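Here is how the chains run, residue by residue.
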Amino acid sequence: MARFLRPESFSAATEDLSLLPFNFERAGANQYLVANMVGDFVRLSEEELNRLVDLQVRPGDGLYEKAYAAHLITGTNQKAQRQLLAARLRSRMSFLQQTTPLHIFVVTLRCEHSCPYCQVSRQSTDRSRFDMSEQTAMRALDIAFASPTARIKIEFQGGEPLLNFPLIRKIVAAAKQRSGKKLDFVIASNLALLDDAVLDFCKENNVLLSTSLDGPADLHNKNRPRPGANSHELAIAGIRRAREILGPDKVGALMTTTEASLDRVDEIIDEYLEMGLDGIFLRPLSPFGFAIKTKQFAKYDAQKWLAFYERGLRRVLEINRQGTPFREFYAALLLTRMLSDRPIGYVDLRSPAGAGLGALVYNYDGSIFASDEGRMLAETGDDAFRLGHVEHDSYNSLILSDKLIGAISSSLTQCAPECSTCVYESHCGADPVYHYATQGDALGIKPLSAFCARQKGIMGLLLDILENSPEDAAIMRRWAAA
Amino acid sequence: MPPAAKLPAASPVEVTVDFDSSIQSLSALDAAAYRLIGTATCQVDRAGDRYVCRLVSSTNPQKGAVLSSNELKERFLNLVADENLRARVAEKTEGVRNVILALAFGALAANQNDAG
Amino acid sequence: MTLRLYGTASRSAGFSSDEARSVLRLRSVDSVAERHAADFALARTPDDIRRAVEADWSSILVVSDGAIDLPGTFAGRLVTVPPIYDYLAEGDVIGFDHASRKFRTLYRRNSAHNSLLVTERCNNYCLMCSQPPKDVDDRWILGEIKESLPLIDQATRALTFTGGETLSDWEDFIAVLTECRDRLPATAIQVLTNGRAFANSRIVDAWKDIGHPALMAAIPVYASVDHVHDHVVQAKGAFDETILGILKLKDRGQRVEIRVVMHALTAPIIEDTGRWIARNLPFVDHVALMGLENTGFAIANDAMLWMDPVDYGDGLARAVDHLSAAGVNVSVYNLPKCVLPKSVWPHALQSISDWKNGFVEECDRCDEKNTCSGFFTTGRPRFSRAVRAITSQRDKLTALAD
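Residues numbered from 1 in each chain as written. Chains lettered and ligands numbered in written order. Predicted model: local features only at pLDDT ≥ 70, side-chain atom pairs only at ≥ 80, totals over all residues.

Along chain A, the regular secondary structure elements total 19 helices and 15 strands. A compact globule built from 482 residues would reach a C-alpha radius of gyration of about 23 Å, and chain A, at 25 Å, matches this within 12%. Judged by the C-alpha coordinates and their principal axes, chain A covers about 85 × 55 × 50 Å. Here chain A, with 482 residues, has 48% of them falling under the buried criterion. Within chain A, contacts between residues at least 6 apart in sequence are counted, and of these 68% link residues at least 24 apart. (Helix = DSSP H or I, 4+ residues; strand = E, 2+ residues; numbered from the N terminus. Rg over C-alpha atoms; globule rule 2.2 N^0.38 Å. Buried ≥ 20, exposed ≤ 12 C-beta atoms within 10 Å, placed from the backbone. Contact = placed C-beta atoms within 7 Å.)

In structure tokens form, the structure reads like this:
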């Protein structure tokens, strides 16, 4: 029987070690947050970081083990970690293989609400001016079906899309007639006009409904005025009825955050809970009404919104601890990025950006935009994200247009100043439309970007909870796998 | 009624830091200055064999309170130190980074059946 | 009580000297199934023997300590084994060495835990190895297995191949697996391997080309750090090859289970290891976290390796949480429920092979005995200080203590 060797026999000599790529950020006195090439986080002291860079690490000293498991160091002649990082990176980027999964049809601009934050709707009964024509719709469908991905989602928006319900019927029928793709349908509606005909149609064709629920009645109605001042009442009734007839997993609600929302996150969450919804998406303030009207991006207070978000997230976690499963959807997205390598094509959280590659918007008049915000920008006269028109463009000409390629390539986080060395880069995204609208160019100066401040704030908060609150961490880990 | 008295505008804080240009890279100074945007402006000049950085704090900072002269200097020096470290790490890892990218997406990706 | 799966026949006759070994399948005397050349009538009493001769059996295996009375006209093959092998039954397959009369029970039809040893050679040398490696030329074993396959009941649910390192002669072994695919198409195959061979693309491709419908490679990973794993398996470079092997297997769509045996070197870091697997290899088909079998090298290295499972329960629970939160199928093997945190119970399986599985007296009054893994009977069993019957009374006491 051969003799057993001691641990020392299996240690690598320092000269056999190599550093692997990583980013870092100061995170307080004598502490650094470090992230490897696929975004695994680890905390090091200043001394540890310097020893790491100089490869002054030795098996058994604790730092070696921490760094090796986090893929910050490897054996120069080893292979597995390089292959592992490559495989994980490939998985994280594989969302690029699905272009373009989302197609938004703005079937009408008409709407009976007059929400102050909306850029696009028109109070009008003139269908010919503000409704999408059947011809435009069919041409748009041609383009949607030309995208390479095997499964597309067609989302109907407006104005209030139910004001042009006959066209929705036609588009769904025509899409189903065509072969070659799996189809999902969503109608984004205020539900004030929901009736049995619409519900029957949705049930028969497996159409999902998405609506706005900004919070309790006074908050919601203040945000969303309509004749009769009963937007909230109708939304609630619509959600209940739709869930009953279509099923609870077929109806979703989104909130729009306004200044008035920022102090009332508990009530907003309670409203969602009461409706039996399975989670909430705590969205950022849209800069479009604000910035476009006042051009004051510089005054944007990300910290106030972050306080709103943190309070909301902790309330959601408390609800879970008390036994009710309920998710915050943005945290769930970020956690999926941070705790797994599953590809996420969510348009605002990816680089290369989701403009065009992730979604195309077909406006009522046939013009085509790289995103919904790009459409809003055009309402103020800025065509920066108008890619073309259904009459003379094809999928290829839109996706390969100089405009789109320019916006996407100039906003890549992998190449951008500060972004490319940011510790959160693996989990973040490019938002060229946002930065163009608030700063005038697709890349933006990140130290001035509220998007950047928000992302860093949320991720810092999630890391803090994952590291310091075991019960909440266990809850959040399950959001990442769902 | 006399006009309400206006508070005098706070005078911007200014501080100058200089570096030996034979050991401090300009790109690191630029990167540090970039991260300081919104908190202070930074103008880099060359004087002989030194880089001279003139920092002027913003009167209307994007995040946090107005920094004192010492705080601004410390902040900038920390940023420069971080950028220098980033440059060192990038240099040491550029080769293996390219290998991993090639394994993931490039020339080596298709050829999983190599001897390795 | 441990079943003896090997031994020496007290008597044998009629075996040719041209061959060194034979493979035998046992049949009941009254069996009307078509007789294979390797079939032996199984007799326990003189009456059985008489009926076997009348039924024209040309090969008979007798389990008895008494004198055997065979008619003088009997010219066939005979093996006699002592009564300790009374477990032998219809359908079982035995490997028999003519010269030494040594035999091994290769397969038991009524067992759910059939394990075929492929070789005793191994390129690792694990500190806790339950089958210590030998540097011998035992390639004849694969030949014996090949001979056995046609004799194994096609209704067998599962077979495990073990060793040594099963891929030591990978070409011949893969040929055996191909035979399994053809002869036992409904039998799931599990191969215990250190996985290092799969770092070689040629070998993974050959594995993939078997095209087996239900084949799983079960591969141990002991840490998230190279030198820790390498020390446990006593081979420098093992971690790198094993992880690369796992990646290549999954790249080609092959099924992989990761096993972690827990002892004093691996259990204190089990949470880190579990979290690392959840983050880096979440696509594996199963993870098994296993209690230690105190046999083989584990006895020699007892001082270095023994850790009371109740002392690593917390870390184990956290590892299970990380893995299951990441959507990984995770089970805990070989640990009785009384030493496990309750959160782990849903993952604890009755995993110990029947022939080496037992309970202690304390277990007689335990509510959970029917779903508990019990203990190993092999080697020198060491028991946790937490072994105690689980009764509703105990739960009440625990609740009071909380």
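All right, on to the pairing of strand E10 (residues 251-254) of chain A then. Residues and elements named next belong to chain A. Side chains of E10 alternate between two faces, with Val251 and Ala253 buried and Gly252 and Leu254 left unburied. Relative to E10, strand E9 (residues 207-212) runs parallel, the two being bridged by 4 bridges. Within E10, the position partnered with Ser212 by the bridge is Leu254. (Pairing = 2+ DSSP bridges.)

Another point: the sheet that holds strand E4 (residues 41-45) of chain A. All names here are of chain A. An order of E2-E3-E4 is seen for the 3 strands of this open sheet, with the pairing classed as antiparallel. Only two strands of the sheet have a single neighbouring strand rather than two, namely strand E2 (22-26) and E4. In this sheet, neighbouring strand axes are inclined to one another by 30° on average, regardless of whether the strands run parallel or antiparallel. The pairing of strand E3 (residues 31-36) with E4 spans 5 bridges and is classified as antiparallel. (Axes fitted to C-alpha atoms, helices over the stretch in contact; angles between N-to-C directions.)

Another aspect to go through is unusual backbone geometry. Residue A:Thr100 follows A:Thr99 across a cis peptide bond; omega there is -25°. At the junction of A:Ser351 and A:Pro352, the peptide bond is cis and its omega measures out at 5° in the coordinates. Looking at the secondary structure, you find A:Pro352 in the loop between helix H13 (329-339) and strand E13 (359-362). Phi is positive for C:Arg101, which is not a glycine, with a value near 65°. Within the fold, C:Arg101 resides in the loop between strand E7 (93-97) and strand E8 (102-107).

Turning next to the nonpolar core. A general feature of soluble globular proteins is that nonpolar side chains tend to end up buried together. In terms of nonpolar packing, the biggest core is built from 243 residues, with A:Phe105, C:Ile60 and C:Leu289 touching the most fellow members. The element best represented in this core is helix H18 (residues 450-468) of chain A, accounting for 8 residues. Non-local contacts of A:Phe105, meaning those with residues more than four positions away in its chain, are made with A:Met132, A:Ala137, A:Ala140, A:Ile154, A:Phe156, A:Ile171 and A:Tyr362. Counting residues in hydrophobic clusters, the runner-up holds 15 residues, among them B:Ala31, B:Ala32, B:Ala33 and B:Cys42. (Core = buried A, V, L, I, M, F, W, Y, C linked by C-beta atoms within 7 Å.)

Residues and elements named next belong to chain A. With 6 of its 8 residues buried, helix H14 (residues 372-379) lies for the most part within the structure. Buried within H14 are the following residues: Asp372, Glu373, Gly374, Arg375, Met376 and Leu377. Just downstream of H14 lies Gly381, where phi reads positive at about 100°.

With that settled, consider the domain arrangement of chain C. Residue and element names in this part refer to chain C. Split by domain assignment, chain C resolves into domain 1 (6-105) and domain 2 (110-401). The distance between the C-alpha centroids of domain 1 and domain 2 comes to 35 Å. Between domain 1 and domain 2, the residue contacts involve 9 residues of the former and 7 residues of the latter. In the side of domain 1 that touches domain 2, the residues fall into 4 nonpolar, 3 polar and 2 charged. (Domains from an automatic or database assignment. Nonpolar A, V, L, I, M, F, W, Y, C, P; charged D, E, K, R; others polar.)

Residue and element names in this part refer to chain C. As summarised here, the arrangement of the 7 strands in space is E9-E10-E11-E12-E13-E14-E15, forming an open sheet in which the pairing is parallel. For this open sheet the edge positions go to strand E9 (115-117) and strand E15 (330-333), each flanked by a neighbour on one side alone. When strand polarity is set aside, the average angle formed by the axes of neighbouring strands in this sheet is 25°. Note: strand E12 (residues 215-220) against strand E13 (residues 255-261), 5 bridges, orientation parallel. Residue pairing in the sheet places Ala218 in a bridge with Glu257 of E13.

All names here are of chain A. Domain annotation of chain A identifies domain 1 (13-87) and domain 2 (278-343 + 411-482). A straight line from the C-alpha centre of domain 1 to that of domain 2 covers 26 Å. Residue-level contacts link 9 residues of domain 1 with 9 residues of domain 2. Put simply, the parts of the chain that give the side of domain 1 that touches domain 2 at least two residues each are E2 and E3.

Before going further, it helps to examine the packing of helix H2 (residues 140-148) of chain C against helix H3 (residues 170-183) of chain C. Residue and element names in this part refer to chain C. Running from amino to carboxyl end, H2 crosses H3 at an angle of 5°, the nearest separation of the two axes being 10 Å. Regarding the angle of H2 to H3, the classification is roughly parallel. Where H2 approaches H3, its residues Leu142, Ile145 and Lys146 are matched on the opposing element by Asp172, Phe173, Val176 and Glu179. Grouping the constituent residues of the contact of H2 with H3 by class yields 4 nonpolar, no polar and 3 charged. (Parallel < 35°, antiparallel > 145°, perpendicular 65-115°, else oblique.)

Residue and element names in this part refer to chain C. As paired strands, strand E1 (residues 6-8) and E8 are joined by 3 bridges and run antiparallel to one another. Looking at the pairing, Thr8 lines up with Lys102 of E8. Across 4 bridges, the pairing between E7 and E8 is antiparallel. Bridging from a neighbouring strand, Ile94 pairs with Thr105 of E8. If you look at the hairpin formed by E7 and E8, you'll find 4 residues sitting between the two strands, and Arg101 has a positive phi there, around 65°.

A few words now on the interface of chain C and chain A. Across the contact, 24 residues belong to chain C and 24 residues belong to chain A. Mapped onto the side of chain C that touches chain A, the elements with two or more residues apiece are helix H5 (226-233), helix H6 (238-251), helix H7 (270-280) and helix H10 (313-325) of chain C. Of the residues assigned to the side of chain C that touches chain A, the class counts are 10 nonpolar, 7 polar and 7 charged.

A few words on the confidence of the model for chain A. In regions of low pLDDT, the predicted coordinates are not meant to be interpreted in detail. Predicted confidence across chain A gives a mean pLDDT of 92, with 96% of residues reaching 70 or more. Overall, residues 295-300 of chain A carries pLDDT values under 50, and its contacts beyond four positions in sequence, including any with other chains, amount to 7 contacts. (pLDDT = per-residue confidence, 0-100.)

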